[in-house]
Amino acid sequence: MSLISLDRLKRATRTLGFRLGAWHMGIFLAGSILVLTLAYLGFSSSLQSEDRGEILAELSEQSAIYKASGLAGMRSDAAQSGGTSVADGFFIGIRYGNGESAVISPIRPGLTYDINALGRPAIPGKIRWDMLPAGDEEEDRLEVASELLPDGAILQVGRDTSSREEVLEDFRNKAALILIPAALLAILGGALLTRRVLAPLHRLADTVRNIEGGEMRARVSVTGTGDELDDLGRLFNRMLNKISSLVDGMRNALDNVAHDLRTPMTRLRAVAETALLPEKTPADRAEALSDCLEESDKVLALLKALMDISEAETGTMRLTREHSDLRRLMKETAEVYRYPAEAKNIRILLNDGPGQEINCDRARVRQAIANLLDNAVKYTPSGGEVRLDLREEGKEVLLTVADNGPGVPVEDLAHIWERLYRGDQSRSEKGLGLGLSLVRAVMKAHGGSAQVTSSPAGAAFTLRFPGSSHSTAG
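Residues numbered from 1 in each chain as written. Predicted model: local features only at pLDDT ≥ 70, side-chain atom pairs only at ≥ 80, totals over all residues. Heavy atoms only, no water.

(A) Structural context of the overall build of the chain. Broken down by element type, the chain carries eleven helices and 13 strands. Here the chain holds 474 residues, and 34% of them are scored as buried. Taking as baseline every contact in the chain between residues at least 6 positions apart, the subset at least 24 positions apart corresponds to 63%. As displayed, the chain offers around 27600 Å² of accessible surface, 58% of which is attributable to carbon and sulfur atoms. (Helix = DSSP H or I, 4+ residues; strand = E, 2+ residues; numbered from the N terminus. Buried < 20%, exposed > 50% of the residue type's maximum accessible area, 1.4 Å probe, protein only. Contact = heavy atoms within 4.5 Å. Areas by Shrake-Rupley, 256 points an atom, 1.4 Å probe, with all protein chains shown as cover.)

Written as structure tokens, this is what we have:
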């Protein structure tokens, strides 16, 4: 056999399919052998019990004859029976304490038996069992029962086991023949099992190869059986869909970042180039540096917001949790926006009620509330109002920021939580398009959620905080 063939054989034996088939064949054959072995032992025990029952019956009969008429009676009975015991295959012998012994009925004439080699029963009435070779023939064996008689003599009755051994040998031969089709069935079953079990894994591997080849929309085909391998295929498809959506999101985010960074970076370069002109005075250069700082702050704010959102979405955002009064946080944040709201003739209204204590990161929660208030004040027309409401709903605490502005367009509702998304009506307002994404990320980090409802009469954003919150005195 060539080295290449040996190498292929070694690789084949290391495959999962080969191991599964080998395990199936081994377990099936081991089970078959175990069943046949148990059947053999049971059958052998049954034959032995039957033989011993007949030996004990003969022993009991000979013991009664000896007790009634001694050795002479036993010889007379054997002679009168016409060799019945011989025909039945029984050996009958007796041994005395002085070493003398007598064979009343040999199994076959011409065979000699060393009955003195048999053990001695310990007490009268206690049966002792021994195996006695019959002459020089190893296959001729006697199973002998010995009984201690009242006068000290030992009565021995045995039977040839050759017929029993012939039956058991025939059983063993047939069992060996049974194992041959069992082995073939084990191999066939192992091959079918391997093919059935590994088929979903092969489909999974084919899908991965297709994706590596550039078919990013390739998915694992599921059979609908509902078993674990089918579940694996569905989970893998969901993972691929999630990865695909994340890749698309990253691509869109990078496009938006490039778009939103282009303007401040272009301005920053233009201001710097203008400041370097020879005719510019120190005052002009100082003003240019101030503009550069302002533009760099915008870029840093954009990048920091993106980092915060990424940390929250990946579960790595660090939160400094402490028990806080959510109503107080809401009031403090509203006070910050009261002056910009008054400048636009907008009223900020808060509902009265007891405080609501939650376990949260105060700075992050203030940031989320501030982003919602900033949007509400930004899009509410002059003379409008912004309402902040806090209430309990089951085990959750709900904080709602509502306005009576134009609301969110229906086509934008599914996208407003996305990074850097800015609807048409928001293009005219300053902003990075990250406020609502950060709100949702902060709520996700706290184990809560953010929701929005909108109508032509205004929009309402609701933050749902989980946990065992409780009311405190306001």
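Having put the structure on the table, let's press on.
(B) Up close: the nonpolar core. Leu326, Leu399, Phe461, Leu463 and Phe465 are the most contacted members of the largest nonpolar core, which totals 38 residues. Looking at this core, the elements with two or more residues in it are helix 7 (326–336), strand 8 (355–361), helix 9 (362–379), strand 9 (385–393), strand 10 (396–403), helix 11 (435–445), strand 11 (449–455) and strand 12 (458–465). Not counting the four nearest positions on each side in its chain, Phe461 is found in contact with Leu372, Leu399, Thr400, Val401, Val408, Ile416, Trp417, Leu436, Gln451 and Val452. (Core = buried A, V, L, I, M, F, W, Y, C linked by side-chain atoms within 4.5 Å.)

(C) Summary view of a nonpolar patch on the surface. On the surface, a nonpolar cluster with roughly 420 Å² of combined accessible area is contributed by Leu177, Ile180, Leu184 and Ile187. Mapped onto the elements, Leu184 comes out in helix 4 (residues 162–212). (Patch = residues over 30% accessible without salt bridge, like charges linked within 9 Å, V, L, I, M, F, W, Y side chains within 5 Å. Salt bridge = Lys/Arg side-chain N within 4 Å of Asp/Glu carboxyl O.)

(D) Representation of the pattern of salt bridges. For the coordinates displayed, the defined rule picks out 18 salt bridges. A salt bridge links Arg52 to Glu143; the shortest N-O distance between them is 2.8 Å. One end of the pair, Arg52, is in helix 2 (residues 16–80); the other, Glu143, is in strand 4 (residues 137–148), and 91 residues separate them in sequence. Judged by relative accessible area, which is 2%, Glu143 ranks as buried. A salt bridge links Arg464 to Glu393, with the shortest nitrogen-to-oxygen separation between them at 2.6 Å. Note that Arg464 is positioned in strand 12 and Glu393 in strand 9, a separation of 71 residues in sequence. Of the residues examined, Glu393 reaches a relative accessible area of 37% and is grouped as partly exposed. A single salt-bridge network, built from bridges that share partners, covers Asp51, Arg52, Glu143 and Arg164.

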